[in-house]
Amino acid sequence: MGESITDGTLATFLKKPGDKVAIDETIAQVETDKVTIDVASPEAGTIQRFVAKEGDTVVPGTKIAIISKSGGAESDAPTKEESPKDVPSPPPSTAAQTVEKKQPSEGHTMVKPSPSSPQISKTSPTEPQLPPKERERRVPMTRLRKRVATRLKDSQNTYAMLTTFNEVDMTNLMKLRSDYKDAFVEKHGVKLGFMSGFVKAVVSGLQQQPIINAVIDGEDIIYRDDIDISIAVGTPKGLVVPVIRKADKMNFAEVEKEISSLAKKATDGTISIDEMAGGTFTISNGGVYGSLLSTPIINPPQSAILGMHSIVNRPMVVGGNIVGRPMMYIALTYDHRLIDGREAVFFLRRIKDVVEDPRRLLLDL
């Protein structure tokens, strides 16, 4: 576990007592507020028994299982709160190895229940107690879901959130993608999507309106020169927001490669906390799920978030004629304590201009 992680929930055991395991083989998973961490065996041998249960709150540096190198009888290694140094060492041939946490530099984490961990109430005093019903089931929230719920509610309580909207004609960006998608894949080894176009448009908008990239800190305003774009990614376990670092220094191919890599890690559950920390602006694409319009919630401690939506062919007036165009609604939710409507509208208008005519990026217009 990283130094910022104080505890986690023992989500599941991937092995059973009696199973043989190899060194560094994953035997369990621990769920933290942000990521799921694999717990690896420090030795090859046979799992004798588990000394923790699924659902236990656990902390770094303590035991969850006992592994026998020889696969023989279970040793008398401590499984509760006593220290291993107080128990006589068994003979090497039958020594059961206690599964312990390795240091972060070794890349593995072993944990056991924390006797001092506070018990979290399932419901707060203000929540109504619903009577049990047939054909319903109650399951505890995952740590990630609880963390997301807390952060989103804190955001709603802290920010003076306001959302402004615009619409984008996707014709030229779609044509650019269609014309060069094969050559792009052949040269760069990654598909050309719409997200890179929007990332570059956001970078241009943030450079023109730096207040969007700023944040309130007490009675001060912190202007951030780095442009680190968080991309909201929905996973089976919940929402995560990996960060594209220094997006202003990247070209289209580099953005697409980074998005592909981070999205895969997020879906696989292998993304690290460092890869999700430090973003200065967020893009959320609800269009991949078919969302036509939404008002996204700011990702603290940022000051604004862009919402992308589905592309729908709609009748538009072009050159005095009514023609069908692939249109997308875009939304910018911003902290009105810091950002005035003028800056927010100009920022969203810049995104519209760049997406509708990507040549502006090339010509710096």
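Residues numbered from 1 in each chain as written. Predicted model: local features only at pLDDT ≥ 70, side-chain atom pairs only at ≥ 80, totals over all residues. Heavy atoms only, no water.

Describing the side chain of Asn285
Then comes step 1: Summarising the element assignment, Asn285 is placed in strand E17 (residues 281–285).
Then comes step 2: In terms of polar contacts, Asn285 uses its side chain to reach the backbone amide nitrogen of Gly287, at 3.0 Å.
Then comes step 3: Non-local contacts of Asn285, meaning those with residues more than four positions away in its chain, are made with Met195, Met308 and His309. (Helix = DSSP H or I, 4+ residues; strand = E, 2+ residues; numbered from the N terminus. Polar contact = N/O pair within 3.5 Å; in protein donor to acceptor, adjacent residues only side chain to side chain. Contact = heavy atoms within 4.5 Å.)

What about the packing of aromatic side chains?
Then comes step 1: Inspection of every chain in the model, using the stated rule, returns two aromatic pairs.
Then comes step 2: Taken together, a centroid distance of 3.7 Å and an interplanar angle of 15 degrees make the contact between Phe13 and Phe50 stacked. You can see Phe13 sitting in strand E1 (residues 8–13) and its partner Phe50 sitting in strand E5 (residues 45–50), a full 37 residues away along the chain.
Then comes step 3: A cation over an aromatic ring shows up here: Arg177 above the ring of Phe194, its NZ or CZ 4.5 Å from the ring centre. (Phe/Tyr/Trp six-rings, centres within 6.5 Å; stacked < 30°, edge-to-face > 60°. Lys NZ or Arg CZ within 6 Å of the ring centre and 35° of its normal.)

Considering the nonpolar core
One broad rule of soluble globular proteins: the nonpolar side chains tend to lie buried together.
Then comes step 1: Within the largest apolar cluster, 50 residues are counted, with the highest numbers of intra-cluster contacts made by Phe198, Val199, Ile229, Phe281, Ile283, Leu306 and Ile351.
Then comes step 2: For this core, the element with the highest residue contribution is helix H3 (residues 195–208), accounting for seven residues.
Then comes step 3: Beyond its immediate sequence surroundings of up to four residues, Phe198 is in contact with Met170, Leu173, Ile283, Leu306, Met308, Met328, Ile330, Ile351 and Val355.
Then comes step 4: Counting residues in hydrophobic clusters, the runner-up holds 13 residues, among them Leu10, Phe13, Ile47 and Ala52. (Core = buried A, V, L, I, M, F, W, Y, C linked by side-chain atoms within 4.5 Å. Buried < 20%, exposed > 50% of the residue type's maximum accessible area, 1.4 Å probe, protein only.)

Side note on a nonpolar patch on the surface
Then comes step 1: Where nonpolar side chains cluster on the molecular surface, the patch consists of Phe165, Leu292, Leu293 and Val312 and spans about 340 Å² of accessible area.
Then comes step 2: With respect to the element layout, Val312 can be found in strand E19 (residues 311–318).
Then comes step 3: Val312 sits in the partly exposed class, given a relative accessible area of 32%. (Patch = residues over 30% accessible without salt bridge, like charges linked within 9 Å, V, L, I, M, F, W, Y side chains within 5 Å. Areas by Shrake-Rupley, 256 points an atom, 1.4 Å probe, with all protein chains shown as cover. Salt bridge = Lys/Arg side-chain N within 4 Å of Asp/Glu carboxyl O.)

Quick notes on the packing of H3 against helix H4 (residues 252–268)
Then comes step 1: Taken N-terminus to C-terminus, the directions of H3 and H4 make an angle of 115 degrees; their axes are 9 Å apart at the nearest point. For the element pair H3 and H4, the recorded crossing hand is right-handed. Taken together, the residues of H4 that come into contact with H3 (itself represented by Met195, Ser196, Gly197, Val199 and Lys200) are Phe252, Val255, Glu256 and Ile259.
Then comes step 2: In the contact of H3 with H4, the residues fall into five nonpolar, two polar and two charged. (Axes fitted to C-alpha atoms, helices over the stretch in contact; angles between N-to-C directions. Left-handed = near helix turned anticlockwise from the far one by under 90°. Nonpolar A, V, L, I, M, F, W, Y, C, P; charged D, E, K, R; others polar.)

Observations regarding the packing of H3 against helix H5 (residues 341–356)
Then comes step 1: It is at 8 Å that the axes of H3 and H5 come closest, and there the two elements cross at 140 degrees. Taken together, H3 and H5 sit at an angle that is classed as oblique. Of the two elements, H3 crosses H5, and the hand of that crossing is right-handed. Residues Phe198, Ala201, Val202, Ser204, Gly205, Leu206 and Gln208 of H3 pack against Phe347, Arg350, Ile351, Val354 and Val355 of H5.
Then comes step 2: Classifying every residue of the contact of H3 with H5 gives eight nonpolar, three polar and one charged. (Parallel < 35°, antiparallel > 145°, perpendicular 65-115°, else oblique.)

Considering the environment of Tyr289
Then comes step 1: Structurally, Tyr289 can be placed in the loop between E17 and strand E18 (304–308).
Then comes step 2: Exposure remark for Tyr289: the relative accessible area of 66% places this residue in the exposed category.
Then comes step 3: Remark: the alpha-carbon pair of Tyr289 and Gly234, spanning 55 residues in sequence, is separated by 10.0 Å.

Section: the pairing of strand E3 (residues 26–31)
Then comes step 1: Pairing between E1 and E3: four bridges, direction antiparallel. Residue pairing across strands places Leu10 opposite Val30, the latter belonging to E3.
Then comes step 2: Strand direction decides the pairing type here: E3 and strand E4 (residues 36–40), joined by five bridges, are antiparallel. Across the sheet, Ala28 pairs through a bridge with Val39, a residue of E4. (Pairing = 2+ DSSP bridges.)

Observations regarding the pattern of salt bridges
Then comes step 1: Following the criterion strictly, the structure yields 13 salt bridges and no others.
Then comes step 2: Lys175 is the salt-bridge partner of Asp179, the closest N and O atoms lying 2.8 Å from each other. Here Asp179 and its partner Lys175 are both found in helix H2 (residues 171–188), four residues apart, which amounts to about one turn of the helix.
Then comes step 3: Asp357 is the partner of Arg359 in a salt bridge, and the nearest nitrogen-oxygen pair spans 2.9 Å.
Then comes step 4: Relative accessible area serves as the criterion here: at 58%, Arg359 is assigned to the exposed category.

Observations regarding H4
Then comes step 1: Here H4 contains 17 residues, and its C-alpha end-to-end distance of 24 Å stays within 8% of the 24 Å for a straight helix at 1.5 Å per residue.
Then comes step 2: One side-chain oxygen at the N-terminal end of H4 lies 3.1 Å from the backbone nitrogen of Ala253; it belongs to Asn251.
Then comes step 3: A positive phi of about 80 degrees marks Gly269, the residue just after H4. (Expected span 1.5 Å × (residues − 1).)

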